[in-house]
Amino acid sequence: MTTIRRFCCDDLLRFTSVNLDHLTETFNMSFYMTYMARWPDYFHAAVSPGDRVMGYIMGKVEGQGESWHGHVTAVSVASEFRRQKLAKKLMNLLEEISDKMDKAYFVDLFVRASNMPAIRMYEKLGYVVYRRVLRYYSGEEDGLDMRKALSQDVEKKSIIPLKRPITPDELEYD
C-alpha cells in the first residue's frame, strides 16, 4: 500500500534513488529545503509500507491575477515503481491543492522536448503545450511549457498556445 504524505527533511537523505534517472533534475539541498519551508502543501512523497521513497512531487504557487498558478517544479518516480500511476496521483494532488486551496487559474510545468514518455503522460492528464522555450535545459535542449486550466479559468485563456517559441530570458519569474 502506497502512502502519499508531505515530504519531510528526513526524505532528503532517502530519495536519491528517485533522482537517478538522467531526465530528472537534481537540485542542491537548500533548494529542496526552501520548497519545504515556503510551499509545504506542494511538496509530497509517495512512500512504500517500509517508508521507502518511491517518488515525489515538488511545486509552488506563483503569479498575479489571471497568471496566478500552480507550478510543478519536479515530479519523479523511481524506475522500479513506474507504471503504477504514482506520478498521476502526485499530479492530481498538486492540481487539487492549486485549484481548491489556492484558487489558481492553471498548473504549468516544463518538460524536455525529447522526453516523449513524459509528454504523453502529461497529455493524458489534460495538459497542452502552451509554448516552446528554446535552449531551456542547460542552454542546449528546448523545453515545452505545458499547462492545464483549472476551474478559475472558465474561458480556458491560460492554455491558448503561443504562436512562436520564446527564449529563457522572455520567461516571467516571480
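None of the values given here were measured: they were computed from a predicted structure. (Residues numbered from 1 in each chain as written. Predicted model: local features only at pLDDT ≥ 70, side-chain atom pairs only at ≥ 80, totals over all residues. Heavy atoms only, no water.)

Draft legend 1. Helix α3 (residues 116-124), seen in detail. Every buried residue of α3 is listed here: Ala118, Ile119 and Tyr122. Projected down its long axis, α3 shows its buried positions confined to an angular sector of 100°, all on one face. Set apart from the buried face of α3 by more than 90 degrees, the exposed residues are Pro117 and Lys124. Buried residues along α3 sit in contact with β4 (69-77), α2 (86-101), β5 (106-112) and β7 (141-149). After α3 finishes, the residue Gly126 shows a positive phi value of roughly 100°. (Buried < 20%, exposed > 50% of the residue type's maximum accessible area, 1.4 Å probe, protein only. Helix = DSSP H or I, 4+ residues; strand = E, 2+ residues; numbered from the N terminus. Arc of directions from axis to C-beta. Contact = heavy atoms within 4.5 Å.)

Draft legend 2. Local environment of the UniProt feature "domain: N-acetyltransferase" (unreviewed entry) in the protein chain. Under the UniProt annotation, "domain: N-acetyltransferase" (unreviewed entry) lies at residues 2-151. This span, residues 2-151, is 23% helix and 36% strand, and a straight line between its end C-alpha atoms measures 29 Å. (UniProt positions renumbered as here; feature names shortened; annotations may be inferred.)

Draft legend 3. Just the state of the cysteines, in detail. For the structure shown, the criterion picks out zero disulfides. Distance from the sulfur of Cys9, which forms no disulfide, to the nearest cysteine sulfur (Cys8) is 7.0 Å. According to the relative accessible area criterion, Cys9 is partly exposed, its value standing at 46%. (Disulfide = S-S within 2.5 Å.)

Draft legend 4. Structural view of unusual backbone geometry. Even without glycine at this site, Asp51 takes up a positive phi of about 65°. The topology assignment puts Asp51 in the loop between β2 (43-47) and β3 (53-62). Its identity is not glycine, yet Arg135 carries a phi of approximately 50°, on the positive side. Along the chain, Arg135 falls in strand β6 (residues 128-137). Note on Arg135: relative accessible area 42%, which makes it partly exposed.

Draft legend 5. Spotlight on the sheet that holds β7. Here we have seven strands laid out as an open sheet, ordered β1-β2-β3-β4-β5-β7-β6, and mixed in their pairing. Two strands bound the open sheet, and with one partner strand each, they are β1 (3-6) and β6. Across the sheet, the axes of successive neighbouring strands diverge by a mean angle of 25°, strand direction being ignored. Relative to β3, β2 runs antiparallel, the two sharing five bridges. When the bridges of β3 are listed, Ala45 appears paired with Tyr56. Sheet strands touched by helix α1 (residues 29-38): β2, β3 and β4. Its angle to β3, the strand with the most contacts, is close to 65°. Contacting β4, β5 and β7, α3 runs over the sheet at an angle of about 165° to β5. (Pairing = 2+ DSSP bridges. Axes fitted to C-alpha atoms, helices over the stretch in contact; angles between N-to-C directions.)

Draft legend 6. Summary view of α2. A rise of 1.5 Å per residue sets the reference length of α2, with its 16 residues, at 22 Å; its end C-alpha atoms lie 22 Å apart and thus fit the reference within 8%. Listed as buried for α2 are Leu86, Ala87, Leu90, Met91, Leu94, Glu95, Ile97, Ser98 and Asp99. Two residues or fewer after α2 comes Lys103, characterised by a positive phi angle close to 50°. (Expected span 1.5 Å × (residues − 1).)

Draft legend 7. Focus on the nonpolar core. Core analysis: the largest hydrophobic core is formed by 43 residues, its most contacted members being Tyr56, Met91 and Tyr122. The set of elements that each furnish at least two residues to this core consists of α1, β2, β3, β4, α2, β5, α3 and β7. The contacts of Met91, once residues within four sequence positions are left out, are Ile57, Val72, Val75, Leu109, Tyr122, Leu125 and Tyr127. Core analysis: the second largest hydrophobic core is formed by five residues, Phe110, Val133, Tyr137 and Leu171 among them. (Core = buried A, V, L, I, M, F, W, Y, C linked by side-chain atoms within 4.5 Å.)

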